[in-house]
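Structure at a glance
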Amino acid sequence: MEQNELYPIFLKLHNLNVLIVGGGNVGLEKLSFLLKSSPNANVEVVAKEFHLEIKVLAENHPSIKLTKSKFKKKMLKKRHMVIACTDDLKVNKKVYELSRKRYLICNIADTPDLCDYYLGGIVTKGNVKIAISTNGKSPTTAKRLREFFEEVIPEDINQMVENLNEYRKTLKGNFEEKVKRMNEITDSLKNKE
């Protein structure tokens, strides 16, 4: 059986600089996805034309910058990650190759071979966030799993996390003792109906 070898990380997009090349439907989808999880993400969208809803998102999120222009190599300066989603595969490929030269992680929409990362399904309940990946094989499955987890994770999970965080601060002893105590307390979560 094939294994998913992707390594999941949770990025602080308000501390990073993201470039999206492309202002159409796919650009809108990618930007919406980023903002849903990270409403203060620093994103610049570069395109010759912008979908109306991208303009609306930019108006409602001060950390979004729209640049009406064709893509230029210098736009990759001071970036951490890049998404290319123009309807011109040549442009997308050029963005990918130039990003790789600069050691930037890059995602070329709908082209898994030209992706250093994928944007997976995400479930958020307060401080709890679950990322779902199907290794780029089936976004629909990721969507269904997201819906499932949104339903089964209790609404009060965030309060529990906050309470455990407060309790953890009161614990004395070394790291191992604290971990052991927290494991004992949270053990009952595994057996919840």
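This write-up is about the structure you can find in this document.

A separate point is the overall build of the protein. Counting its regular elements, the protein contains six helices and seven strands. Each helix (α) and strand (β) of the protein, taken in turn from the N terminus, gives the series β-α-β-α-β-β-α-β-β-β-α-α-α. Dimensions along the principal axes, computed over C-alpha positions, put the protein at roughly 55 × 40 × 30 Å. Within the span of the protein, comprising 193 residues, buried residues form 34% of the whole. Sequence-distant contacts in the protein: of pairs separated by 6 or more residues, those separated by 24 or more amount to 54%. Seen as two clouds, the 34 positive and the 25 negative side-chain charges of the protein have centres 10 Å apart.

Before going further, it helps to spend a moment on a positive patch on the surface. A cluster of like positive charges, contributed by Lys-48, Lys-70, Lys-72, Lys-73, Lys-74, Lys-77, Lys-78, Lys-94, Lys-101 and Arg-102, occupies part of the molecular surface. Along the polypeptide, Lys-70 turns up in the loop between β3 (64–68) and β4 (81–84). Taking the relative accessible area as the measure of exposure, Lys-70 reaches 56% and is therefore exposed.

On to the packing of aromatic side chains. One pass over the structure, following the stated rule, counts one aromatic pair. Residues Phe-148 and Phe-149 carry aromatic rings whose centres are separated by 5.4 Å and whose planes lie at 65° to one another, so their mutual orientation is edge-to-face.

Here the structure, examined in full by the defined rule, presents zero disulfides. Of all cysteine sulfurs in the structure, the one in Cys-106 sits closest to Cys-85, which takes part in no disulfide; the separation is 10 Å. According to the relative accessible area criterion, Cys-85 is buried, its value standing at 8%. Among the cysteines around Cys-106, which has no disulfide bond, Cys-115 carries the closest sulfur, lying 7.5 Å off.

Further remarks concern the packing of helix α5 (residues 157–170) against helix α6 (residues 175–186). In contact at an axis separation of 11 Å, α5 and α6 are set at 150° when each is read in the N-to-C sense. In terms of orientation, α5 lies roughly antiparallel with respect to α6. The two elements α5 and α6 meet at a crossing, and its hand is right-handed. Taking contact as the criterion, the partners of Leu-164, Tyr-167 and Arg-168 in α5 are, on α6, Arg-181, Met-182, Ile-185 and Thr-186. Within the contact of α5 with α6, the residues separate by chemical class into four nonpolar, one polar and two charged.

For helix α1 (residues 25–37), spanning 13 residues, the distance from its first C-alpha to its last is 19 Å, which sits close to the expected 18 Å at 1.5 Å a residue. Of the residues making up α1, those classed as buried are Gly-27, Leu-28, Lys-30, Leu-31, Leu-34 and Leu-35. Within α1, the buried residues cover an arc of 165° as seen down the axis, which keeps them to one side. Of the exposed residues in α1, those oriented more than 90 degrees away from the buried face are Asn-25, Glu-29 and Lys-36. Where the residues of α1 are buried, they touch β1 (17–21), β2 (42–47), α2 (52–60), β3, β4 and β5 (105–108).

Picture a little ball the size of a water molecule; that probe, rolled over the atoms, points out where space is still empty. Taken as a whole, the largest pocket holds about 1600 Å³ of empty space. As for the largest pocket, its lining consists of 48 residues, of which Phe-33, Tyr-118, Leu-119, Gly-120 and Gly-121 are closest to the centre. Among the secondary structure elements, those contributing two or more residues to the lining of the largest pocket are α1, β5, β6 (121–125), β7 (128–132) and α4 (139–152). With eight residues, α1 is the largest single contributor of residues to the lining of the largest pocket. In terms of residue class, the lining of the largest pocket is made up of 24 nonpolar, 14 polar and 10 charged. In this structure, the second largest pocket spans a volume of roughly 510 Å³. Taken together, 22 residues make up the lining of the second largest pocket; nearest its centre are Lys-48, Thr-86, Asp-87, Asp-88 and Val-91. Listed by contribution, the elements that provide at least two residues to the lining of the second largest pocket are α1, β2 and α3 (89–101). Broken down by element, the lining of the second largest pocket gets its largest block of residues, three residues, from α3.

Cut-offs applied
- Residues numbered from 1 in each chain as written.
- Predicted model: local features only at pLDDT ≥ 70, side-chain atom pairs only at ≥ 80, totals over all residues.
- Heavy atoms only, no water.
- Helix = DSSP H or I, 4+ residues; strand = E, 2+ residues; numbered from the N terminus.
- Buried < 20%, exposed > 50% of the residue type's maximum accessible area, 1.4 Å probe, protein only.
- Contact = heavy atoms within 4.5 Å.
- Lys, Arg positive; Asp, Glu negative; His and termini not counted.
- Charge placed at Lys NZ, Arg CZ, Asp CG, Glu CD.
- Patch = residues over 30% accessible without salt bridge, like charges linked within 9 Å, V, L, I, M, F, W, Y side chains within 5 Å.
- Areas by Shrake-Rupley, 256 points an atom, 1.4 Å probe, with all protein chains shown as cover.
- Salt bridge = Lys/Arg side-chain N within 4 Å of Asp/Glu carboxyl O.
- Phe/Tyr/Trp six-rings, centres within 6.5 Å; stacked < 30°, edge-to-face > 60°.
- Disulfide = S-S within 2.5 Å.
- Axes fitted to C-alpha atoms, helices over the stretch in contact; angles between N-to-C directions.
- Parallel < 35°, antiparallel > 145°, perpendicular 65-115°, else oblique.
- Left-handed = near helix turned anticlockwise from the far one by under 90°.
- Nonpolar A, V, L, I, M, F, W, Y, C, P; charged D, E, K, R; others polar.
- Expected span 1.5 Å × (residues − 1).
- Arc of directions from axis to C-beta.
- 1 Å grid on protein atoms, 1.4 Å probe; cavity = no way out; pocket = protein on both sides within 12 Å on 5 of 7 lines; lining within 4 Å.
- Points joined across faces, edges and corners; volume = space filled by probe spheres on them.

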